[in-house]
Amino acid sequence: MRNKKIIKPKISTKKGKPPGSLIYMGPRKDVPITIDYIQYNSEKYSEKRLKKFSESTELQSEDYITWIDIKGLHDLALIEKIGKVANIHSLTLEDLLNVNQRPKVDFYDEYIFIVVQILKFDKETSVIESEQLSIIINEKSVITFLEGNSTIFDTLKSRMEKTVGKVRNGSADYLAYSILDLVIDDYYEVVEKIGERIEEVEEQLIIQAKKLAIRDIYEIKRELIDLKKTVSPIREIITKLEKSDSPFINEKTRLYLRDLYDHAIQIIDTIEQYRDLTSGLADMYLSSVSNKMNEIIKVLTILSSVFIPLTFIVGVYGMNFKNMPELEWHYGYYISLVFMLIISILMLLYFKWRKWL
Amino acid sequence: MRNKKIIKPKISTKKGKPPGSLIYMGPRKDVPITIDYIQYNSEKYSEKRLKKFSESTELQSEDYITWIDIKGLHDLALIEKIGKVANIHSLTLEDLLNVNQRPKVDFYDEYIFIVVQILKFDKETSVIESEQLSIIINEKSVITFLEGNSTIFDTLKSRMEKTVGKVRNGSADYLAYSILDLVIDDYYEVVEKIGERIEEVEEQLIIQAKKLAIRDIYEIKRELIDLKKTVSPIREIITKLEKSDSPFINEKTRLYLRDLYDHAIQIIDTIEQYRDLTSGLADMYLSSVSNKMNEIIKVLTILSSVFIPLTFIVGVYGMNFKNMPELEWHYGYYISLVFMLIISILMLLYFKWRKWL
Amino acid sequence: MRNKKIIKPKISTKKGKPPGSLIYMGPRKDVPITIDYIQYNSEKYSEKRLKKFSESTELQSEDYITWIDIKGLHDLALIEKIGKVANIHSLTLEDLLNVNQRPKVDFYDEYIFIVVQILKFDKETSVIESEQLSIIINEKSVITFLEGNSTIFDTLKSRMEKTVGKVRNGSADYLAYSILDLVIDDYYEVVEKIGERIEEVEEQLIIQAKKLAIRDIYEIKRELIDLKKTVSPIREIITKLEKSDSPFINEKTRLYLRDLYDHAIQIIDTIEQYRDLTSGLADMYLSSVSNKMNEIIKVLTILSSVFIPLTFIVGVYGMNFKNMPELEWHYGYYISLVFMLIISILMLLYFKWRKWL
Amino acid sequence: MRNKKIIKPKISTKKGKPPGSLIYMGPRKDVPITIDYIQYNSEKYSEKRLKKFSESTELQSEDYITWIDIKGLHDLALIEKIGKVANIHSLTLEDLLNVNQRPKVDFYDEYIFIVVQILKFDKETSVIESEQLSIIINEKSVITFLEGNSTIFDTLKSRMEKTVGKVRNGSADYLAYSILDLVIDDYYEVVEKIGERIEEVEEQLIIQAKKLAIRDIYEIKRELIDLKKTVSPIREIITKLEKSDSPFINEKTRLYLRDLYDHAIQIIDTIEQYRDLTSGLADMYLSSVSNKMNEIIKVLTILSSVFIPLTFIVGVYGMNFKNMPELEWHYGYYISLVFMLIISILMLLYFKWRKWL
Amino acid sequence: MRNKKIIKPKISTKKGKPPGSLIYMGPRKDVPITIDYIQYNSEKYSEKRLKKFSESTELQSEDYITWIDIKGLHDLALIEKIGKVANIHSLTLEDLLNVNQRPKVDFYDEYIFIVVQILKFDKETSVIESEQLSIIINEKSVITFLEGNSTIFDTLKSRMEKTVGKVRNGSADYLAYSILDLVIDDYYEVVEKIGERIEEVEEQLIIQAKKLAIRDIYEIKRELIDLKKTVSPIREIITKLEKSDSPFINEKTRLYLRDLYDHAIQIIDTIEQYRDLTSGLADMYLSSVSNKMNEIIKVLTILSSVFIPLTFIVGVYGMNFKNMPELEWHYGYYISLVFMLIISILMLLYFKWRKWL
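Definitions and cut-offs
Residues numbered from 1 in each chain as written. Chains lettered and ligands numbered in written order. Predicted model: local features only at pLDDT ≥ 70, side-chain atom pairs only at ≥ 80, totals over all residues. Heavy atoms only, no water. Phe/Tyr/Trp six-rings, centres within 6.5 Å; stacked < 30°, edge-to-face > 60°. Helix = DSSP H or I, 4+ residues; strand = E, 2+ residues; numbered from the N terminus. Buried < 20%, exposed > 50% of the residue type's maximum accessible area, 1.4 Å probe, protein only. Contact = heavy atoms within 4.5 Å. Buried area = accessible area lost by both parts, 1.4 Å probe. Salt bridge = Lys/Arg side-chain N within 4 Å of Asp/Glu carboxyl O. Polar contact = N/O pair within 3.5 Å; in protein donor to acceptor, adjacent residues only side chain to side chain. Pairing = 2+ DSSP bridges. Axes fitted to C-alpha atoms, helices over the stretch in contact; angles between N-to-C directions. Patch = residues over 30% accessible without salt bridge, like charges linked within 9 Å, V, L, I, M, F, W, Y side chains within 5 Å. Areas by Shrake-Rupley, 256 points an atom, 1.4 Å probe, with all protein chains shown as cover. Least-squares fit on C-alpha atoms with pLDDT ≥ 70 in both. Expected span 1.5 Å × (residues − 1). Bend = angle between axes of the 7 residues up to and from the residue. Left-handed = near helix turned anticlockwise from the far one by under 90°. Nonpolar A, V, L, I, M, F, W, Y, C, P; charged D, E, K, R; others polar.

1. Thoughts on the packing of aromatic side chains
Here comes step 1: Counted by the stated rule, this structure contains 60 aromatic pairs over all chains.
Here comes step 2: Seen in terms of ring centroids, F321 of chain A and Y333 of chain B are 6.4 Å apart; in terms of plane orientation they differ by 50°. Their pairing is tilted. Taken together, the residues span two chains, with F321 of chain A in the loop between α7 (251-316) and α8 (325-328) and Y333 of chain B in helix α9 (residues 332-353). Considered together, F321 of chain A and Y333 of chain B belong to a single accessibility category, that of buried residues.
Here comes step 3: Among the aromatic side chains, those forming a connected cluster through ring pairs are Y317, Y331, Y333 and Y334 of chain A together with F321 of chain E.

Below you can see the structure in the form of structure tokens.
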């Protein structure tokens, strides 16, 4: 996630260009561009893949809700043509091409523009990947621009095709709400994965003091920082949508947006909670490292303390002075051994008393 | 508490389903479902356990306040039937089935919907358990949905049966207030238990430096984080209830809600205070670990420092050089012993002067 | 302070009772209950101790301001009787009996209810003690309920008796202001005591590194946390009083309340400042511990480093090999001594160069 | 700074006195009291030192702006007389005598009362000294009360005398603004001095690891805490002045107050910035201490590790067993030396491989 | 960056001067002063370098937008003359000369005054340099004052000359917006550079534990603190511009300002994120230092622990007692060696069991 987006917002490559000029700045230039054209109402659902986007494509059918689902952003000519047909402001086009966009909503007289980041936990590489999703809401149509080839819409589309549910009976803004609901469901999944990793690290710290835990903790912390930056503007977006007096948001949909708002708050709360837990884990890790060092130093100290005086004594009787009466004693050797035994016992008793053993 | 709810919000299992579809996502599928049907006014109190919920069940009696107390959420057919009879929005049903719901209040034209988490300190396992409680307030009825088989209502019910107090004379919203008061009383108990554990850890740190204190501190910290997430939305809920212009909240009840608000604030304040104390304890623990290490290293240093030079000296007189005049001296051995004694006394005096002894 | 109040809010002992029921939950059941009945105006001041509170006690004399000063809360019958005579709401009575009450003000149509905690620094035991004070303000009367037998009012009463000052000429709300002023003066004293303790710890850390300083710092931190919880709601109380449109607050008194507000802010600022200082002290303490350990380890290292190679050398010449030519040399012993001297000088020069000496 | 003011707010010495009674609580009872009486307009400037303040002193001349500059506060009779002549409220008098006053502004019908703390960096003692300055603004006059004998006004007075600038052409509130501007200029100087000390400590930490740096850091931290408490209320004061509808603030002056506000914000920002830097320095210090200890321990470990096995070997050949064939070998001694050399080289290679050398 | 501006706000050199007096306080007195006079509309673009600024210079042409681009601030006479011609308030002139100005916007009846800091990452010295830019917006003209000789405007000018884009068709406020857009683009570049440095430090910490990492971390932290102080007021400036009812801001430009606002927020978010990451890095560094010390101490302990008992044993048999039977045994030497081998194996097994190996 961070490698692509957050650490390096490559906006500076646009330097020297006038504001409002269209440049695709993302890395995904190899994604095949697809345009899916969907029309539905409560009675009919049709989906076709367009070869090319012609200027006569119907965007505001009275009878249907039209959803144009575009994947891949690197064909500037296409984007410009869509912009022209759908009457999209150049600033909006610029924003949807800038794949490091902070999530936001903009209200224009002609449409509502929402840009968010969708997240995906890649099970194989254990990496969180992000992709920019832009949504343009009109009275009778929704246009979505996905940066890459995410399959996030697949379940929604097949559900819409198979069953006549709320979406099929709903208006364009309800479709937009359903899409945002998918996005937030993916956030839940990502948060859950991080929760699992926190539990793993917790277990590692309690059962065995794994050496690299701090790196794991830092990784988690970093992902939470990234995640917060991605998720927290969502709250504001939904609030603005709910409170707006835009004609494109129906009264009925506001109730669902309020529900979505609760979900967003819950995710943000959980991220905050995880950050607190993570810093607690770091403390616990540092303390376990400290304790271990303590333990080792204690062993060293006890061993040294017992043997250093003894080694001195044997050194004394290893001296080569001519006149050392003890050396001549018949039981001198044994007396010295007993003496050293007594000393070591006294030392150990002292350590016992100091609670070091 | 956390194992069930907070670390793993299992909402992602709902993925692929349309928003608003009813799925029970909690673990308590084995709780027997019970429906208690209570009707009361200042003159009468009746309580019966319903075998099944029929569509003709009276919900809005003019003469009585009706309280339907449902325990267990895993029978979706039942929940849907109640929803239909009581005219409950599908989003509300979805929320009450989602047992990881963030506490909140929603105002509908037909009812007020409150969802909170009740907490229980299990004395045997020393674990804080949570259960979701949903309350639907109508003009003449209250419906409560409990996730599990908590006995939280028992004292309230027996009090209502035995004595004609404020609840029996009150309206439906006063019953709801009494239920929230029970919930907050349980929070007090949980906070008190954590306060006792903080005192225990404090004592451990002051009297004896227990090795695993940091894990206890982390546990407490974690419980406080969980607790805060559960309790802090309560403040907002009560404020919204008090300030709302909903016809289901009587003027008289607002006074009591204000009182409840004070209680909620006090609990939140105490949680904050405990978090501060806990971080202070962690500092004190780390410092006591440091001090102990210091102590041990000091002993090692003093012993080594005294004996290392002496061991060198005895080593010198253990050398086998042919020509070492001292070895021939008659009192050489005794002189060397005295010399070493003087050196060790000087070392100890130096340590005394450095304040290490 | 904390032992009584903050760590253990014993509200859970009320569990199972209906909200609004009267129970005294404090520890001070042995305080003798006294009722002082004071009437004054600019011309007259009378004070008498009532044997019992009769229902005919005059509370709203037109000519005098009446102050009823009640100490001790454990006689529930008395409290209830006063409540009935003075027309006090049951929630208010509950609050004034609950001695763990968070400081607050409630405005009723019939009176203003203020509850605060008075603090006292006990010079003998060095402990901060708290006692709950409830004030009920009416048009022509003030009723105060003290939990214990504090003498906080003594100077005020004797001043009122002796001199005809602002209080004697003022209204009931000015008396209440004067009482709050006394309470805040006591806070100043307590804050000052903590300031003195911070200075003591500072001195200990700078002059001598006292071993148990961290416990003192933790104690101070804990008292500041408790203090903040007690003092910070005062700000809100005074603001509410000043801004309220209650008929019991005269325009003239608002000016004095604003002054009181400044004092409260100053105390809260000082508490914040002390908390910052305290965390700075903890850092300094940890650093001084670190430094000391550093110092000790340095001595150990230098001594070991100098003697370990020398001890090796004398060991070499203590070996019993038949063929060791050096041992036969006439000046072998002296040469070895000089050699060792050179080595130790080189070692010391190296340490000097490393800035360890 | 802190010694006088912040650690010990000696307000408790006022205990037992009624609120609003006049007591001077500062330490500067030995400052000679001076009263300078200045009158000016765009044509004339006169300044005289009054022997005594008579009740007939003209305060509201129509033709001139009158500035009464009083230094020293310990003559209560004088303060009371001024209060009476200038119609100053007793609460104001109390505040200006209480030299630990939190900076604030109070609007009365008759005047505006401002109290601030002026700061002075004493170059000789390197101590920041504070003095309380109270300003009373009227339509045609300004009265200033300085606690001590600061010379802060000298440059302003001489400039006013010499040149007919904005102050001479301005109203009384412009004079007050000019005085506040002087005060804030002094804050800049103090902040700059602290900035220099931070740079010094930084340099000490980078070039040489000075042992007492943590104490310096703590001193700086403490001064920043004190400074913040003194400076941050200024922002509020200026905002209140600018937004007030008091007749004593002219429209033209508001523009200058806005400028002053920018300066205050800049100082507060810088203080925050310095606090962040200071905590960064503390981290760096602790890390440098850690690193040094690490370094020392490494040397000890390497030396011990190399020599301990060698010392064991020479010990083995120092044993006095009868039957030790190696001792008889002709080259036994040399073989043992080579063997020990090989062992020590292997040890050093191992340390090299572990990156310890 | 900091050396020039933030650590030493040299405003105190102005001390003793009246407020509003013009003094240049920056270090760049050697920058050659240039005045570029640009006039453009959608049809024409002309740029000429003025030798001197005469009072007859046309500032408010009806047909053209006039942009006067002044570089270098140390010629006070010039600044004053411009101020007089363009009708600029003396406070504004003072602010634009004070090169340590906090970024801000001021609305006057005659013009809008904006002051910001432009940042430049110097690739050769790796230092972030700042320069003050003041912008005065009028109905038909923009005057910019640059402190130094930055080339920030070059691309804008050449683009304006070559192509008739939005700027050429726009009003004076659109030119000002384009300039602010350039400034914020430079911030992106600086933030990106810091991001790269954070990545470098991260890599250093993970791959090799570089000794001086903490200094790098402190440097980054410091730059982020400085950066935040420079960038965060921008948000407020843009909000004020967007919300203002100044006649100099056209409705059309507000849309672009909103876009600029999003960019500013994104930069501020990234700075916050980097600060969090940086503190995480510091923790990781300290932990890696701790771990390394742990590692070293472990090796020391194991070696000492194994050899200290052995050395004692060989010492015993090096004693010179007459009567030591073991010494006479034929296999005594070998037995002792085997005995010592067993002891060392036992020690190692013990360490294995303690998980130290």
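2. Concerning the interface of chain B and chain A
Here comes step 1: Across the boundary between the two partners, chain B contributes 66 residues, which contact 66 residues of chain A.
Here comes step 2: With both chains or domains summed, chain B and chain A bury close to 6,100 Å², and 60% of this area falls on carbon and sulfur atoms.
Here comes step 3: The interface formed by chain B and chain A contains 7 salt bridges.
Here comes step 4: The salt bridge involving E328 of chain B is made with K322 of chain A; its shortest N-O contact spans 2.9 Å.
Here comes step 5: Summed over the shared surface of chain B and chain A, the number is 18 residue pairs in polar contact (both at pLDDT 80 or more).
Here comes step 6: Going through the elements one at a time, α2 (90-97), β4 (104-107), α6 (213-243), α7 (251-316), α8 (325-328) and α9 of chain B are the ones with two or more residues in the side of chain B that touches chain A.
Here comes step 7: At 17 residues, the largest contribution of residues to the side of chain B that touches chain A is made by α7 of chain B.

3. A look at the sheet that holds strand β5 (residues 112-122) of chain D
Residues and elements named next belong to chain D.
Here comes step 1: In spatial order, the strands read β2-β1-β3-β7-β6-β5-β4; together these 7 strands make up an open sheet with mixed pairing. Each having just a single partner strand, β2 (45-50) and β4 (104-107) make up the two edges of the open sheet. Averaged over all pairs of adjacent strands, the angle between their axes in this sheet comes to 20°, without regard to strand direction.
Here comes step 2: Note: β4 against β5, 4 bridges, orientation antiparallel. Across the sheet, residue D106 finds its bridge partner in β5, namely F113.

4. Details of a nonpolar patch on the surface
Residues and elements named next belong to chain A.
Here comes step 1: Side chains of V338, L341, I342, I345, L346 and L349 sit close together on the surface and give an oily, nonpolar patch of about 580 Å² of accessible area.
Here comes step 2: Along the chain, L349 falls in helix α9 (residues 332-353).
Here comes step 3: Judged by relative accessible area, L349 falls into the exposed class, the value being 52%.

5. Describing the relation of the copies chain B and chain A
Here comes step 1: With an RMSD of 0.1 Å, chain B superimposes on chain A once it is rotated by 72° and translated 0.1 Å along the axis. The transformation just described matches what one would write down for a five-fold rotation axis. Using C-alpha coordinates, one finds that chain B approaches the rotation axis most closely at G318 of chain B, a distance of 4.7 Å.

6. Observations concerning unusual backbone geometry
Here comes step 1: Its identity is not glycine, yet N87 of chain A carries a phi of approximately 65°, on the positive side.
Here comes step 2: Relative to the elements of secondary structure, N87 of chain A occurs in the loop between α1 (76-85) and α2 (90-97).

7. Some words on the sheet that holds β4 of chain B
Strand pairing within a sheet occurs via backbone hydrogen bonds; the two strands may be parallel or antiparallel.
All names here are of chain B.
Here comes step 1: Taken together, the 7 strands give an open sheet; going across it, the order is β2-β1-β3-β7-β6-β5-β4, and neighbouring strands pair in mixed fashion. What marks the edges here is a single partner per strand, and that holds for β2 (45-50) and β4. Between one strand axis and the next, the sheet turns through 20° on average, direction left out of account.

8. Section: the relation of the copies chain E and chain D
Note on the chain copies: they are related by a rotation about an axis and a translation along it.
Here comes step 1: For these two chains of identical sequence, chain E goes onto chain D by a turn of 72° and a shift of 0.1 Å along the axis, with RMSD 0.1 Å.
Here comes step 2: A distinct binding surface is used by each copy, with only 15% of the interface residues of chain E retained as interface residues in chain D.

9. Regarding helix α6 (residues 213-243) of chain D
Count 3.6 residues to each turn of an α-helix, and residues three or four apart come out pointing the same way.
Here comes step 1: Between the first and last C-alpha of α6 of chain D there are 45 Å, a value that for 31 residues agrees with the 45 Å anticipated at 1.5 Å per step.
Here comes step 2: The largest bend along α6 of chain D reaches roughly 30° and is located at K228 of chain D.

10. Let's talk about the packing of helix α1 (residues 76-86) of chain B against α2 of chain B
All names here are of chain B.
Here comes step 1: Where α1 contacts α2, the two axes come as close as 10 Å, and the packing angle between them is 145°. Remark: the crossing between α1 and α2 carries right-handed chirality. In contact with L76, I79 and G83 of α1, α2 contributes L93, L96 and L97.
Here comes step 2: Taken together, the residues of the contact of α1 with α2 sort by class into 5 nonpolar, 1 polar and no charged.

11. Examining the interface of chain E and chain D
Here comes step 1: The interface of chain E with chain D comprises 65 residues on the first partner and 67 residues on the second.
Here comes step 2: Where chain E abuts chain D, roughly 6,100 Å² becomes buried across the two surfaces, and 60% of that area is made up of carbon and sulfur atoms.
Here comes step 3: Applying the counting criterion to the chain E and chain D interface returns 6 salt bridges.
Here comes step 4: The partner of D276 of chain D in a salt bridge is R275 of chain E, with the nearest N and O atoms 2.6 Å apart.
Here comes step 5: Counting across the interface, chain E meets chain D through 18 residue pairs in polar contact (both at pLDDT 80 or more).
Here comes step 6: Looking at the side of chain E that touches chain D, the elements with two or more residues in it are α2 (90-97), β4 (104-107), α6 (213-243), α7 (251-316), α8 (325-328) and α9 (332-353) of chain E.
Here comes step 7: When residues in the side of chain E that touches chain D are grouped by element, the largest group, 17 residues, is from α7 of chain E.

12. Observations regarding the pattern of salt bridges
For side chains bearing opposite charge, pairing can occur when the charged atoms are close.
Here comes step 1: Inspection of the entire model under this criterion finds 96 salt bridges over all chains.
Here comes step 2: Two residues, D36 of chain B and K157 of chain B, come together in a salt bridge whose shortest N-O distance is 3.3 Å. One end of the pair, D36 of chain B, is in strand β1 (residues 34-40); the other, K157 of chain B, is in helix α3 (residues 154-162), and 121 residues separate them in sequence.
Here comes step 3: Taking the relative accessible area as the measure of exposure, D36 of chain B reaches 3% and is therefore buried.
Here comes step 4: Among the salt bridges present, the one from D36 of chain E reaches R49 of chain E, with a minimum N-O distance of 2.8 Å. With a gap of 13 residues between them, D36 of chain E in strand β1 (residues 34-40) and R49 of chain E in strand β2 (residues 45-50) connect regions that are remote in the sequence.
Here comes step 5: Among the residues examined, R49 of chain E registers a relative accessible area of 56% and is labelled exposed.
Here comes step 6: One connected set of salt bridges, linked through shared partners, spans D36, E47, R49, D69, K71 and K157 of chain A.

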